[in-house]
Amino acid sequence: MVTAKAESMKKKKEEMVHSPILTYLSVITLLSTCPPFVILLWYTMVHQDGSILNTFNYLKEHGVVEGFVNIWPRPTAVAWKIIACYALFEAALQLWLPGKTVEGPISPTGNKPVYKANGVLAYVVTLVTYISLWWFGIFNPSVVYDHLGEIYSALIFGSLVFCVFLYIKGHVAPSSTDSGSSGNIIFDFYWGMELYPRIGKNFDIKVFTNCRFGMMSWAVLAVTYCIKQYETNGKVADSMLVNTVLMLVYVTKFFWWEAGYWNTMDIAHDRAGFYICWGCLVWVPSIYTSPGMYLVNHPVNLGPQLAVSILIAGILCIYINYDCDRQRQEFRRTNGKSLVWGKAPSKIVASYTTTKGETKTSLLLTSGWWGLSRHFHYVPEIMAAFFWTVPALFDNFLPYFYVVFLTILLFDRAKRDDDRCRSKYGKYWKTYCAKVPYRIIPGIY
Ligand code: NDP
């Protein structure tokens, strides 16, 4: 047990890719600024026309603290009910819809998590149910938009309590040996303690928070914004249509590839804490959907030519991003035997040691998209986000916040991932970097 704890602390220290003081400062800053930022963004989008200057002037006029307290909506019974119905519905779909059994990657302590791949079915059932509730006059999604501030407020507090639960569970009842404390309460709360927390044997908490609550809410809110504009204006502007279709294509791609997502950093490396779970429960529904939130009250008319051009460019980026992930996954699934751009792949056979001291090997793909740069897939990811935002045109900066945030997130993630892989694969990673020298943008960075 003591050895496992020491290993876990060592691992966490390795995960801190920036200096400890910088890490500490950024953790405290993110914990304290993300919740109020969600409310400010919602308020500016919905009540101040998307203008940061208007919100700034409001706060100047009313005093920062008093003005902000006035802005912050209290969580209401309606908000809690909407969240509870949605969360219970998604949890039930996750547990009970049928799906193939798939295995995740081997964890650092040698476990292989097992999942039920029923994401596409859950996605289809969710959207069909939601749109049918509206179509048959049972529930109007406009209610969600009208109570959005209260919903975010309830989500902020509810998710913080949930993260405290994850912290306590990690200490007293971890689901597997992939768990441990860094010895620092703030880091444990922020980065999380458990890699694969579960309730019972089958209910995987990160699949719920990241996929079935977070990513699903993205699609549900995209549809909500579209319906709200229709209910208000009697029609949907082409800018809103382009935004909604692109966001839905993106989320559809996500669920199509959900089992692949279970092999990525979010699931296989990042533990269940504030960073990933609060992020998916609150940040995804509020910030990721924000370009659509803005468009509700800004029905720009692009004209068919521009609308179709943006749509095609966006779909192309989403496809390339998907193809990068697919290429890597197929390559690993077939043990390096898949064809990459019609040819046998070039690869590095990299060995590493698990925390239990066992030696294992992994294959690193060095051709196809993965030969252009080590994280080329982030380029089309960022560009797709730009294309579903650009229908808002350029009257305000705020709709572009997500694109800017995503760029910073992915550049930081690429560095974190490189550092992690360097410490995992050592000389093999060095060889990979010599063969594929650019981190994200070929020829530039
Ligand atoms: P990746 O899918 O890039 O996975 C990174 C892992 O892949 C590495 O840790 C390593 O894991 C393995 N790996 C690295 N290089 C190679 C290689 N050459 N060949 C084979 N395996 C390799 O991670 P992400 O989670 O960052 O991205 C997944 C998807 O999610 C992307 O499409 C990304 O754009 C998207 N994304 C979206 C975000 C958003 O907020 N919208 C945020 C983050 C990601 P191992 O230890 O197994 O070797």
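Residues numbered from 1 in each chain as written. Predicted model: local features only at pLDDT ≥ 70, side-chain atom pairs only at ≥ 80, totals over all residues. Heavy atoms only, no water.

How do you make sense of the site of the ligand when you look at a structure like this?
In the neighbourhood of the ligand, 28 residues make up the surrounding shell, with Asp 325, Tyr 378, Asp 417, Arg 420 and Tyr 425 lying closest. With respect to the ligand, the backbone of Met 265 contributes an N or O atom lying 3.4 Å from an oxygen atom. The separation between an oxygen atom of the ligand and a polar side-chain atom of Arg 332 is 2.9 Å. With the chains in place, 94% of the 920 Å² that the ligand exposes on its own is no longer accessible. (Near = heavy atom within 4 Å. Polar contact = N/O pair within 3.5 Å; in protein donor to acceptor, adjacent residues only side chain to side chain. Areas by Shrake-Rupley, 256 points an atom, 1.4 Å probe, with all protein chains shown as cover.)

Looking at this structure, I do not really get the domain arrangement of the chain. What am I missing?
Size of an interface: often given as the accessible area lost when the parts come together. In terms of domains, the chain is made up of domain 1 (73-301) and domain 2 (302-444). For domain 1 and domain 2, the distance between their C-alpha centres works out to 23 Å. Counting residues at the interface gives 34 residues for domain 1 and 36 residues for domain 2. For the pair domain 1 and domain 2, the two sides together bury roughly 3200 Å², of which 64% comes from carbon and sulfur. Considering only the surface of domain 1 that becomes buried against domain 2, Leu 246, Met 265 and Tyr 294 emerge as the three largest contributors, covering 20% of it. Two residues, Asp 270 and Arg 416, come together in a salt bridge whose shortest N-O distance is 3.3 Å. Inspection of the region where domain 1 meets domain 2 yields twelve residue pairs in polar contact (both at pLDDT 80 or more). Contributing elements (two or more residues each) for the side of domain 1 that touches domain 2: α11 (238-256), α13 (265-268), α14 (274-288) and α15 (290-295). For the side of domain 1 that touches domain 2, the residue count by class is 21 nonpolar, nine polar and four charged. (Domains from an automatic or database assignment. Contact = heavy atoms within 4.5 Å. Buried area = accessible area lost by both parts, 1.4 Å probe. Salt bridge = Lys/Arg side-chain N within 4 Å of Asp/Glu carboxyl O. Helix = DSSP H or I, 4+ residues; strand = E, 2+ residues; numbered from the N terminus. Nonpolar A, V, L, I, M, F, W, Y, C, P; charged D, E, K, R; others polar.)

Looking at this model, I keep getting lost on the pattern of salt bridges. Mind explaining?
Here the idea is simple: oppositely charged side chains can pair when their charged atoms come close. Tallying each qualifying case throughout the model produces 14 salt bridges. Between Asp 418 and Arg 439 there is a salt bridge, with its nearest N and O atoms 3.0 Å apart. Here Arg 439 lies in the segment after α20 (427-435) and Asp 418 lies in helix α19 (residues 401-425), a separation of 21 residues in the sequence. Summarising the burial analysis for this pair, Asp 418 and Arg 439 share the class buried. (Buried < 20%, exposed > 50% of the residue type's maximum accessible area, 1.4 Å probe, protein only.)

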